[in-house]
Amino acid sequence: MNFRPLHDRVLVQREESEEKSAGGIIIPDTAKEKPMQGTVKATGAGARDEQGKLVPLDVKEGDVILFGKWSGTEIKLDGQDYLIMKESDIMGIVG
């Protein structure tokens, strides 16, 4: 993949959703909730403050993050589904 987000945006690969419930019932695709956790695959250089100074991002490639249910824009690169979102849409880093 040859993609680099700009500014304070990050490229995230969403975790796969569970195929079965805790009780063993198979969940159809239409009833699955999209996970709100994923792995950062690429980051931009950072945002600029009022003085024009570059402020680096707090997340880095490989971080597992939590984000809001409606965060980001879904895209497809090289046959894979990803999300592009601003760093401000990220709620936290797991681990």
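Definitions and cut-offs
Residue numbering note: each chain is counted from 1, following its sequence as written. Totals for whole chains, interfaces and linings use every residue, but because this is a predicted model, local features are given only for residues with pLDDT of at least 70 and side-chain atom pairs only at 80 or more, for both listing and counting. Side-chain metrics rest on all non-hydrogen atoms present in the structure, leaving aside hydrogens and water. Pairing between two strands requires that DSSP report at least two bridges joining them. Counting from the N terminus, the helices are the DSSP runs of H or I reaching at least four residues and the strands are the DSSP runs of E reaching at least two. Note on contacts: a residue pair qualifies if any of its non-hydrogen atoms lie within 4.5 Å across the two residues. Every axis in this analysis is a line fitted to C-alpha atoms, fitted for helices over the stretch in contact. Angles between the N-to-C directions lie between 0 and 180 degrees. Patches draw on residues past 30% relative accessible area with no salt bridge. Two like charges within 9 Å are joined, as are two nonpolar side chains (Val, Leu, Ile, Met, Phe, Trp, Tyr) within 5 Å. Here the Shrake-Rupley method, with its probe set to 1.4 Å, supplies the accessible areas, and only the displayed protein chains count as covering residues. For salt bridges, the criterion is a side-chain nitrogen of Lys or Arg within 4 Å of an Asp or Glu carboxyl oxygen.

S.K.: What is the right way to look at the pairing of strand 1 (residues 9-14) in this model?
M.R.: Regular strands place side chains that alternate from one sheet face to the opposite one. The sheet contact formed by strand 1 and strand 7 (residues 80-86) spans four bridges and is antiparallel. Looking across to strand 7, one finds that R9 is bridged to K86. In this sheet, strand 2 (residues 37-43) lies alongside strand 1 in antiparallel orientation, the contact comprising five bridges. Pairing of L11 across the sheet is with A42, part of strand 2.

S.K.: Hey, could you run me through the environment of P56 in this one?
M.R.: On the secondary structure map, P56 appears in the loop between strand 4 (54-55) and strand 5 (64-67). For the pair formed by P56 and G46, sequence separation is ten residues and the distance between their alpha carbons is 4.5 Å. Look past the residues within four positions of P56 in its chain and what remains in contact with it is A45 and G46.

S.K.: Whenever I open this one, the sheet that holds strand 6 (residues 73-77) confuses me. Can you help?
M.R.: The strand order across the open sheet formed by six strands is 6-7-1-2-5-8, and the pairing between neighbours is antiparallel. The outermost strands of the open sheet, each flanked by one partner alone, are strand 6 and strand 8 (90-94). Taken over all neighbouring pairs, the strand axes of this sheet differ in orientation by 45 degrees on average, direction set aside. Summarising the sheet, strand 2 and strand 5 pair through three bridges and their orientation is antiparallel. In the sheet register, Q37 faces strand 5, and the bridge partner there is L66.

S.K.: Explanation requested: the pairing of strand 6 in the structure shown.
M.R.: Direction of pairing for strand 6 relative to strand 7: antiparallel, over a ladder of five bridges. Within the sheet, the bridge partner assigned to T73 lies in strand 7 and is I84. As consecutive antiparallel partners, strand 6 and strand 7 are separated by two residues, and within that stretch D78 has a phi angle of approximately 50 degrees, a positive value.

S.K.: How should I be thinking about a nonpolar patch on the surface in this particular structure?
M.R.: Residues L66, M91 and V94 make up a contiguous nonpolar surface patch of about 280 Å² in total accessible area. Tracing the backbone through its elements, the reader meets M91 in strand 8.

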